Amino acid sequence: MDRLVIEGGSPLRGEVKVGGAKNAALPLMAASILPQGPLVLQNLPTLGDLKTMGRLLGFMGGNVTPFWEGTCERVELDMSKLTRPEAPHELVKTMRASALVLGPLLARYGRAKVSLPGGCAIGVRPIDMHLKALKEMGALFDLSGGDVVATAPTGGLLGARVHFETVTVTGTENIMMAATLAKGTTTIVNAAREPEVSDTARALIAMGAKITGIGTDEITVEGVDSLKGTTYTVMADRIEAGTLIAAVAVAGGQVTLTGAPCSSMEAVLEKFAEAGLNILIEGDKLNVSFEGGTPKAVSATTLPYPGFPTDMQAQFMAVMTLAQGVSIITETIFENRFMHVAELKRLGADITLEGRVAVVKGVKGLSGAPLTASDLRASASLIIAALAAKGKSFLSRVYHLDRGYDSLDGKLRQLGAKIKREKE
Ligand code: EPU
C-alpha cells in the first residue's frame, strides 16, 4: 500500500491543469448503456472510481477501450453487447455510484439487478428516493439477497411527475437517464442543480435526448424511441480546483489553474476571497495568490448547488484550522462527514464538534504527524493541513485519495510542494 510523506512549509508556484470531473464522468459512463452506438468520453481523469465503473460496465458485457493503463483521457464505451444487466455487491460496495446504472438499465433493457448500497464512511446514504421515483415510472422492485431486482412494465418505463423530497444528485441523474427512453414526459421536481447534473444532461442531448430545464430545480424529459452514440468532453472538476485553491491558502504562493470551471465555483471562490485570497479569473484561467499571511476565519454551511459544496467542506476546514479567529462549519448534506476532524486535531488543530456543527478556532501553527485517511475528501483535507504543518506528516490509506483525485500529490509536487509517495 502507498503512503504519502508530506513536509510542510513550501509555497506553491506555477501552473496546473484542472482534470475532468469525477462526478460528471461517473453518470456519463453509466449513460453509455442508453445509446444504440458507442459513447466516446474525452477528458476523463485517471482515478479509482472510474476504473471501478469501467469494470462494472465490462462485467455487464460492455467494451471499454482502452481500459485505463496509466493515463487515459479518451475512452470508448460500447454497451451494445450487454448480456448481464447486473451490478454485483463487490463493485457496489466499493463505489456507491454503481447505483447509477439502475435507471439506464431499466430504460434500455427493462430489467436490472443492483446490489443495495450499504452505509459508507460519510453517512447512511440510502437510494430510497431513486427507487421511489422509478416506481412512479412504473418499475417493480423485489429485494432478494441484498439485491434490488427491478423490472420495467411491458413496453418500457412511463413518464411521470417525480418529486424528490430532498435534493439528490445521483438520484436526479438516474431518473433523468431513465426518462430519456421512457414513454411520455417526465418532470423532475426539486431536481439537483449541480453542474455535473447539467453536464450529464448535455451529453444526453448530444445522444438525441429531449431535456429542458437544465440547471434549474425542475427538469423535463420527453422520452424518445432511441438514442445514438456520440463523443462528449467531460467538464472540469470544480472540487479538484477548489482543493488546489485550499492548498494555496495554507501554503501561500501564486498558482494558475488552467481549464478551471470558474462559473460553477462561485460559492467556493467567494469563501476563499473572504478568507483573504486574491482570486482573478481570466476566461478559464483561475489565478490564485496568497502571500505571507494568515487566512481570515470564515464560516460555511454546506448546501446543494449553488450553495457551498459538501465535497469542499473537509478541505475548507483544513484551511480554517490556521485562520485568524473562529469559523463555524455546518454540514447539512451528510450526517457523518467529519471523519477528518480527529486527524486534523492530531496535527494540533482546535476543533469542537457538536452534531453537524464544527467550531474551528484558528491556531498559530500545526505540526506534522502520522495520519490515516478515512474517505476521499478527508484525505485531501489532511494533505492540505500537512502542507502547512511544521515537519513531516505520513498519510496512510492513500487509496481513498486515489479513488477520486487524478494524482493530487503529483499536481502539488509540480507546484513545488514537498510531497512524495512511497510503499508503506
Ligand atoms: N439520500 C437519501 N436517499 C436517497 C438519496 C440520497 O436519503 O435516495 C440522502 C443522502 O444520504 C444524503 C443526501 O440525501 O444525506 C444527499 O445525497 P445525494 O443523493 O445528493 O448524494 P449522492 O448523489 O450519493 C453525490 C456525489 C457526492 C456528493 C453528493 C452531494 C457522485 C457520484 N457523488 O452523491 O460526491 O457529496 O452528491 O453533493 O456524484 C465525493 O465526490 O466526495 C462525493 C461524496
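Residues numbered from 1 in each chain as written. Predicted model: local features only at pLDDT ≥ 70, side-chain atom pairs only at ≥ 80, totals over all residues. Heavy atoms only, no water.

Trainee: Could you give me a rundown of the overall build of the chain, with the residues and numbers involved?
Mentor: Regarding its fold elements, the chain presents 14 helices and 24 strands. Whereas a compact globule of 424 residues would reach a radius of gyration of roughly 22 Å, the chain reaches 21 Å, a difference of no more than 12%. Projecting the C-alpha coordinates of the chain onto the three principal axes gives extents of approximately 65 × 45 × 40 Å. In the chain, the share of contacts with a sequence separation of at least 24, taken over all contacts with a separation of at least 6, comes to 73%. Roughly 16200 Å² of accessible area belongs to the chain as shown, and the carbon and sulfur atoms make up 50% of that amount. When the 44 basic and 43 acidic side-chain charges of the chain are each reduced to a single mean position, those positions are 3 Å apart. (Helix = DSSP H or I, 4+ residues; strand = E, 2+ residues; numbered from the N terminus. Rg over C-alpha atoms; globule rule 2.2 N^0.38 Å. Contact = heavy atoms within 4.5 Å. Areas by Shrake-Rupley, 256 points an atom, 1.4 Å probe, with all protein chains shown as cover. Lys, Arg positive; Asp, Glu negative; His and termini not counted. Charge placed at Lys NZ, Arg CZ, Asp CG, Glu CD.)

Trainee: Outline the site of the ligand, listing residues and values.
Mentor: Taken together, the neighbourhood of the ligand is formed by 22 residues, with D128, T168, T170, D311 and I333 sitting nearest. Contact distances for the ligand include 2.7 Å between an oxygen atom and a backbone N or O atom of M129. Where the shell around the ligand is concerned, the elements lending two or more residues are α1 (22-31), α5 (128-136), α6 (169-180) and α12 (376-388). Of the residues assigned to the shell around the ligand, the class counts are 11 nonpolar, 5 polar and 6 charged. (Near = heavy atom within 4 Å. Polar contact = N/O pair within 3.5 Å; in protein donor to acceptor, adjacent residues only side chain to side chain. Nonpolar A, V, L, I, M, F, W, Y, C, P; charged D, E, K, R; others polar.)

Trainee: An account of the nonpolar core is needed here, citing residue identities and associated values.
Mentor: Membership of the largest hydrophobic core comes to 77 residues, with the highest contact counts inside it found for V101, L134 and L157. Element by element, the count of residues in this core is highest for α1, at 7 residues. Residue contacts for V101: discarding those within four places in its chain leaves A30, I33, M53, L56, M60, A87 and V114. The next biggest cluster of nonpolar side chains, apart from the first, holds 72 residues, and it includes L257, A323, A369 and L412. (Core = buried A, V, L, I, M, F, W, Y, C linked by side-chain atoms within 4.5 Å. Buried < 20%, exposed > 50% of the residue type's maximum accessible area, 1.4 Å probe, protein only.)

Trainee: Describe unusual backbone geometry, naming the residues involved and giving the relevant values.
Mentor: The omega angle of the peptide bond from Y305 to P306 is 10°, so this bond is cis rather than trans. Here P306 lies in the loop between β18 (300-301) and α10 (313-320). The phi angle at N43 is positive, at roughly 65°, despite the residue not being glycine. Mapping N43 onto the fold places it in the loop between β3 (39-42) and α2 (48-59). The phi angle at R397 is positive, at roughly 60°, despite the residue not being glycine.

Trainee: Which residues make up the sheet that holds strand β23 (residues 392-396), and what values do they have?
Mentor: Reading across from one edge, β22-β23-β1-β24 is the order of the 4 strands in this open sheet, with mixed pairing throughout. Unpaired on one side and paired on the other, β22 (370-372) and β24 (418-423) mark the two borders of the sheet. Strand-to-strand twist across the sheet, computed as the mean angle between neighbouring axes with direction ignored, equals 25°. In the sheet, strand β1 (residues 2-7) pairs with β24 via 6 bridges, with the strands oriented antiparallel. Among the inter-strand pairings, V5 is bridged to a residue of β24, identified as K420. Across the sheet, α12 lies against β1, β22, β23 and β24, angled at about 30° from β1, the strand it touches most. (Pairing = 2+ DSSP bridges. Axes fitted to C-alpha atoms, helices over the stretch in contact; angles between N-to-C directions.)

Trainee: Could you give an account of α12, with specific residues and numbers?
Mentor: For α12, the buried fraction is high: 12 of the 13 residues fall into the buried class. Every buried residue belonging to α12 is among L376, R377, A378, S379, A380, S381, L382, I383, I384, A385, A386 and L387, and all of these are buried. Where α12 begins, one side-chain oxygen reaches toward the backbone nitrogen of R377, 3.2 Å away; that side chain belongs to D375.

Trainee: Account for the pattern of salt bridges, with residues named and values stated.
Mentor: Per the stated rule, a full pass over the model turns up 14 salt bridges. A salt bridge links K423 to D2; its shortest N-O distance comes to 2.7 Å. With K423 in strand β24 and D2 in strand β1, the pair connects residues that are 421 residues apart, well separated along the chain. The closest approach of N and O atoms between R403 and D49, which form a salt bridge, is 2.8 Å. Of this pair, R403 sits in helix α13 (residues 399-404) while D49 sits in helix α2, placing them 354 residues apart in sequence. The partly exposed category is assigned to R403, whose relative accessible area is 29%. Through salt bridges with shared partners, a single network forms among D2, D402, D409, R421 and K423. (Salt bridge = Lys/Arg side-chain N within 4 Å of Asp/Glu carboxyl O.)

Trainee: Can you lay out the sheet that holds strand β13 (residues 218-222) for me, pointing to particular residues and giving the numbers?
Mentor: Across the sheet, 4 strands lie side by side as β10-β11-β13-β12; this open sheet has mixed pairing. Taken across any chain shown, the strands that pair with only one partner, and hence form the sheet edges, are β10 (161-163) and β12 (210-212). Strand-to-strand twist of the sheet, defined as the mean angle between neighbouring strand axes without regard to direction, takes the value 15°. Here strand β11 (residues 185-189) pairs with β13 via 5 bridges, running antiparallel. Its bridge partner being in β13, T187 is matched across the sheet by T220.

Trainee: If you had to explain the pairing of β11 to someone new, which residues and values would you point to?
Mentor: Successive residues of a regular strand alternate their side chains across the two faces of the sheet. Where burial is concerned, most of β11 is hidden: 4 out of the 5 residues are buried. Taken together, the 3 bridges between β10 and β11 define a ladder with parallel strand orientation. Among the inter-strand pairings, V162 is bridged to a residue of β11, identified as I188.

Trainee: Which residues make up α5, and what values do they have?
Mentor: By the burial criterion, the buried members of α5 are M129, H130, L131, A133 and L134. Buried residues along α5 sit in contact with α4 (102-109), β8 (140-144), β9 (147-151), β10 and α6. One or two steps after α5, the chain reaches G138, where phi turns positive at roughly 100°.

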